[in-house]
Amino acid sequence: MLKVGDKLPEFEGINQDGKTVTSSKLIGKKLVVFFYPQANTPTCTVEACNLSDNYSALKKAGFQLLGISGDSVKKQKNFHSKFAFPYDLIADENRDIIEKFGVWQEKKTFGKTYMGIVRTTFIFDENGICTRVIEKVTSKTAAEQILEG
């Protein structure tokens, strides 16, 4: 998994509108990249909505936001439209970005072991250097966790 001091990995992803988002174009502002397991699921929705509800405070603090999951562009579009998120959601179906950040890991739920996205938030400075990794994301207070850093 990416850690504090690491550089923002180079990546290209497709957002909810089918447009290409390139990591190199995200340098220059503080950046929050949050990974979530699946669009439109209860906990992921709570997290994404909390970030949306607190978007003005995050923006005021100088952050730009980017959400990433392994969902299709269509699923991301539905999720984005349903809740009118003010930030992009990236569809990473081939897990290229997910793997670069190291969030594709073994998980355990109800006694079953499987591979999946570990809910994680990465914060980068204006130069694309990771300044914080939030591994224990609390969906209901995700924005507070970012702002308290």
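Check the entry above for the structure.
Just so it is clear, the structure is predicted and the values come from calculations on it, not from any experiment.

S.K.: How do you make sense of the pattern of salt bridges when you look at a structure like this?
M.R.: Think of it this way: side chains of opposite charge can pair up when their charged atoms draw near. Scanning the model with the defined rule gives five salt bridges in all. Between D6 and K3 there is a salt bridge, with the nearest N and O atoms lying 3.8 Å from each other. We note a salt bridge from R119 to E47, for which the minimum N-O separation is 2.8 Å. One end of the pair, R119, is in the loop between β7 (112-117) and β8 (120-124); the other, E47, is in helix α1 (residues 42-53), and 72 residues separate them in sequence.

S.K.: How do you make sense of α1 when you look at a structure like this?
M.R.: At 3.6 residues per turn, the α-helix brings residues three or four places apart onto the same side. Compared with the 16 Å implied by 1.5 Å per residue over twelve residues, the 16 Å span of α1 between its first and last C-alpha is a close match. Those residues of α1 that fall on the buried side of the exposure criterion are C44, T45, E47, A48, C49, N50, L51 and S52. Of the surrounding elements, those touching the buried residues of α1 are β3 (30-35), α2 (55-60), β4 (63-69), α3 (73-83), β8 and α5 (142-147).

S.K.: What exactly am I supposed to notice about the pairing of strand β1 (residues 12-15) here?
M.R.: It is a general feature of regular strands that their side chains alternate between the two faces of the sheet. Judged by which residues are buried, β1 turns out to be one-sided: G13 and N15 face inward and are buried, whereas E12 and I14, on the alternate face, are not. With three bridges joining them, β1 and strand β2 (residues 20-22) adopt antiparallel strand pairing. Residue pairing in the sheet places E12 in a bridge with T22 of β2. Between β1 and β2, which follow one another and run antiparallel, lie four residues, and G18 among them has a positive phi close to 80°. Pairing of β1 with strand β5 (residues 88-91), which is carried by two bridges, proceeds in the antiparallel orientation. Paired with I14 across the two strands is A91, which belongs to β5.

Cut-offs and rules
- Residues numbered from 1 in each chain as written.
- Predicted model: local features only at pLDDT ≥ 70, side-chain atom pairs only at ≥ 80, totals over all residues.
- Heavy atoms only, no water.
- Salt bridge = Lys/Arg side-chain N within 4 Å of Asp/Glu carboxyl O.
- Helix = DSSP H or I, 4+ residues; strand = E, 2+ residues; numbered from the N terminus.
- Expected span 1.5 Å × (residues − 1).
- Buried < 20%, exposed > 50% of the residue type's maximum accessible area, 1.4 Å probe, protein only.
- Contact = heavy atoms within 4.5 Å.
- Pairing = 2+ DSSP bridges.

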